[in-house]
Every structure is written in structure tokens, then in C-alpha cells.
Amino acid sequence: MSRSTRQTGQAPAPQGLVSSAPGESPWEPVEDEAEGGEVEAAAAELREITVPPAQHGLRADKVLAECVAEFSRSYLQQLLAQGAVTLNGRVLVKPATKVAAGDRMVLEMRPTQQSMAFQPEDMALDVVYEDEHLLVVNKPAGLVVHPAPGNWTGTLLNGLLGRDPKAREVPRAGIVHRLDKDTSGLMVVARSRAAMDALVAMIAARDVSRQYLALAHKAWGPRKHREVDAPIGRDPRNRLRMAVVDLAQHAGKTARTDIDLLAGNEEVSLVRCTLHTGRTHQIRVHMASLGHPLVADAVYGGKEAGGMARQALHAFRLAFTHPMTGQALVLRAPLPPDMAQALENWGLSYNPAESL
């Protein structure tokens, strides 16, 4: 194993890629992390430990953590759970087992799902713009952006690595922002480190215009335009989701969304959402706070309707100045088939020209 592998307890991701991904959130810049080495062959390695006198009587998992400190505790816990650690020739079943000086422990350093996640995969990607510096993809609903527990393969990152070998040379294969798994639409991807740094700075400075189309429950009311300026943080009653919070009482960040009605009836409203910030689940939370949860967004009170089985949210327009050439780019993605069919099922029409 290389030095970088021993430091992490996992086969490292390709150069610049990180093996942990924060929760997906639309348009919140990804923090840069330390770059790793090249992917290595996933061969198991045996590591033998003789318990020293100073660790006599300690728990086996504590001894492991101290004797092989270059490996992460989570990785060692995985090995224990997989039966990959023996104590005096027997599989160590209970991590709390006390050990004695001179005991022999053997670890089988197995590759984990996470360590093997950052691999190229053949994937059909809908690329709507591309040059030597960046590309813009139209992500379908259901595609996860980063490898993470439950989705170690088949992600957009895997597809980018399979499409372009140079993606290995850029952190996270050039991904600078995220969309939720069930949100469709446009994402910009850097093809060089210089372009990536510039794009991250532009997103942080709010120099990138991004707009979404959403189908929400209920009639919209007489005010076609609404501006929502409401902080977002973890829901204090349910830590698995976000909520509008009072910053005087709960942690959170300011969030602003402009919302315009495009079409609707008594059951549903088609709205255009313009983001001015990029908080986790921002549009979904703000729409729910208005009493108009997105169709099929069960997390925030929506229900399946009109044939929609996933949250009815689509990133349809992306506008920014090219960070390397200075060219003004305005890119659009058509309404995906499921949302278009839902509109038809409700007897509503949508004119793309009216959404600009």
C-alpha cells in the first residue's frame, strides 16, 4: 500500500476527488478538500499486531485505534463488523473484548465500497454545452450527483470520470454544485482546476443566475410574484430535513427566493423560482412554508399527483459569464417529460418563452 492509502484506511480517490460527499443541496459551492493519490488495485493486506504491555487490559477496538492510528476509526469499525479482525486466531466478535499483553491481532485490510466508489463508468450524459474549460449537463431525475452511502456507483461523478479521463485531474471530477437526486436540470462542471476555482468563486459571489420550474399544490392566489426572504436551517423537530427557522433561536443561514406564477388552476401551480442564495432544499422549504409544497415532495408535505412520482422541480435556466473567456452564456433545458405530462394531465399549457 502507498503512504496515502495507509493514511486514510481506504484506497484513495483519483487525484483531487474526495470520498465523502456532503448532503446534496442546489447551488451551494462544494468546499475544496485535500487531494489524494491515484486509485490503486483493491488487494487485501494483512496487518499483524502484538499487544504491547502498555495496552494490557484495554478494549480491542481501542488497541486497534492506537496501534494502527493511520487508519480511520470508521474503517476499523467496518473491518470489525465484517469479521476481518482475529484475536489469537479467532474472529473478534465483540469490539469491547479486553486484550492482554502479548495477544496477537491480525487485520485483513479489505477495500470498502467507499474506497472503490470513484471509478469511471460508461453513462449517457445529456451535455448541452461544452468547451475545453467547462461543460453543462442536463441531469435527469433519479441520478445521484456524488457517491455516498447507498449510492456508491452509478452517480454523475462516475459518469464524468468515464466520459473524460481528464476529469481525474480536477477535484470531484469538476462538480462545483449539487442538485438533489430527484431534481432534474442543468449543472455546470469544470474541466480544469482554474475553471473550477473561478466557478466556485462566482457561485459564492452570486454571479451565476439559476432558475427552476416547479409544480406546487393548490391555487397560487392573486399575487403572481412573491419574494421569500426566510432563513433556513435544520428542522429542530426532524433533523433529517430542513425548515424555515428563527436565527435568534436556531442555527441557520439567510435564504432568498423569488417566485412567479406561470400557469395554474385550483389544484396546482406552475411557478418559476429564482435563487438568490443556495441553501439545502431551499426551494422545497420556501414553497412548503408558503403552504404550497411541491407535488410528490413527501419530505415537505407534497403528495403524488398528476402522474408525478418525484418532487416536481427542474433547473431549467442557467446564465453566467464564462470564467475563462468572458463569453455570456445563457443555457436552457426543456421541461422533462414527466412534468410536461403532468401539466397536460391538469389541462395546463406552458410556453417556455414566458418563463424567461
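Procedures and definitions
- Residues numbered from 1 in each chain as written.
- Predicted model: local features only at pLDDT ≥ 70, side-chain atom pairs only at ≥ 80, totals over all residues.
- Heavy atoms only, no water.
- Helix = DSSP H or I, 4+ residues; strand = E, 2+ residues; numbered from the N terminus.
- Buried < 20%, exposed > 50% of the residue type's maximum accessible area, 1.4 Å probe, protein only.
- Contact = heavy atoms within 4.5 Å.
- Areas by Shrake-Rupley, 256 points an atom, 1.4 Å probe, with all protein chains shown as cover.
- Axes fitted to C-alpha atoms, helices over the stretch in contact; angles between N-to-C directions.
- Parallel < 35°, antiparallel > 145°, perpendicular 65-115°, else oblique.
- Left-handed = near helix turned anticlockwise from the far one by under 90°.
- Nonpolar A, V, L, I, M, F, W, Y, C, P; charged D, E, K, R; others polar.
- UniProt positions renumbered as here; feature names shortened; annotations may be inferred.
- Core = buried A, V, L, I, M, F, W, Y, C linked by side-chain atoms within 4.5 Å.
- Domains from an automatic or database assignment.
- Pairing = 2+ DSSP bridges.
- Lys, Arg positive; Asp, Glu negative; His and termini not counted.
- Salt bridge = Lys/Arg side-chain N within 4 Å of Asp/Glu carboxyl O.
- Polar contact = N/O pair within 3.5 Å; in protein donor to acceptor, adjacent residues only side chain to side chain.

Caption draft 1: Inspection of the overall build of the chain at higher detail. Counting its regular elements, the chain contains seven helices and 15 strands. Across the 356 residues that make up the chain, the buried fraction comes to 48%. The long-range fraction of contacts in the chain, counting pairs at least 24 apart against all pairs at least 6 apart in sequence, stands at 68%. For the chain, the computed accessible surface area is about 16300 Å², with 50% contributed by carbon and sulfur atoms.

Caption draft 2: Spotlight on unusual backbone geometry. A positive phi is found at Arg206, a non-glycine position, where the angle reads about 65°. A positive phi is found at Lys218, a non-glycine position, where the angle reads about 75°. The residue Lys218 is located in the loop between β8 (209-217) and β9 (225-229) in this model.

Caption draft 3: Here's a closer look at the packing of helix α2 (residues 60-67) against helix α3 (residues 73-81). In the contact formed by α2 and α3, the axes pass within 10 Å of each other and the chain directions differ by 135°. Here α2 lies oblique to α3, going by the angle between them. The handedness of the crossing between α2 and α3 is right-handed. From α2, Asp61, Leu64 and Ala65 reach across to α3, where they touch Arg73, Leu76 and Leu80. Residue composition of the contact of α2 with α3, by class: four nonpolar, no polar and two charged.

Caption draft 4: Up close: the UniProt feature "active site" (unreviewed entry) in the chain. Per the UniProt annotation, the sites labelled "active site" (unreviewed entry) are Asp180. Take Asp180: it is sitting in the loop between α4 (156-163) and β7 (184-190).

Caption draft 5: Seen up close, the nonpolar core. Grouped together as the largest cluster of nonpolar side chains are 32 residues, with contacts concentrated most on Leu156, Tyr212 and Met287. Elements with a contribution of two residues or more to this core: β6 (134-139), α4, β7, β8, β13 (268-275), α6 (282-289) and β14 (313-321). Looking at this core element by element, the count peaks at four residues for α4. Per-domain counts for this core show at least three residues from each of domain 2 (116-205) and domain 3 (206-355).

Caption draft 6: Expanded view of the pairing of strand β15 (residues 328-332). Only one face of β15 is covered, namely the one carrying Leu329 and Leu331; the face carrying Ala328, Val330 and Arg332 has none of its residues buried. Of the strand pairs in this sheet, β14 and β15 are connected by five bridges, and their pairing is antiparallel. Bridge pairing links Ala319 to Val330 in β15. Count of turn residues in the β14/β15 antiparallel hairpin: six residues, of which Gly326 carries a positive phi of about 80°.

Caption draft 7: Fine view of α4. Burial within α4 is extensive, with six of its eight residues counted as buried. Among the residues of α4, Leu156, Leu157, Asn158, Gly159, Leu160 and Leu161 are the ones counted as buried. Among the structural elements, β6 and β7 are those in contact with the buried residues of α4.

Caption draft 8: Broad picture of the side chain of Asp131. Tracing the backbone shows Asp131 in the loop between β5 (127-130) and β6. The buried charged residue Asp131 lacks any salt bridge, with Arg191 as its nearest oppositely charged partner at 6.0 Å. A polar contact of 2.7 Å, which involves the side chain of Asp131, links it to the backbone nitrogen of His133. For Asp131, the side chain forms a polar contact with the side chain of His322, separated by 2.6 Å. Setting aside residues up to four positions removed in sequence, Asp131 forms contacts with Arg191 and His322.

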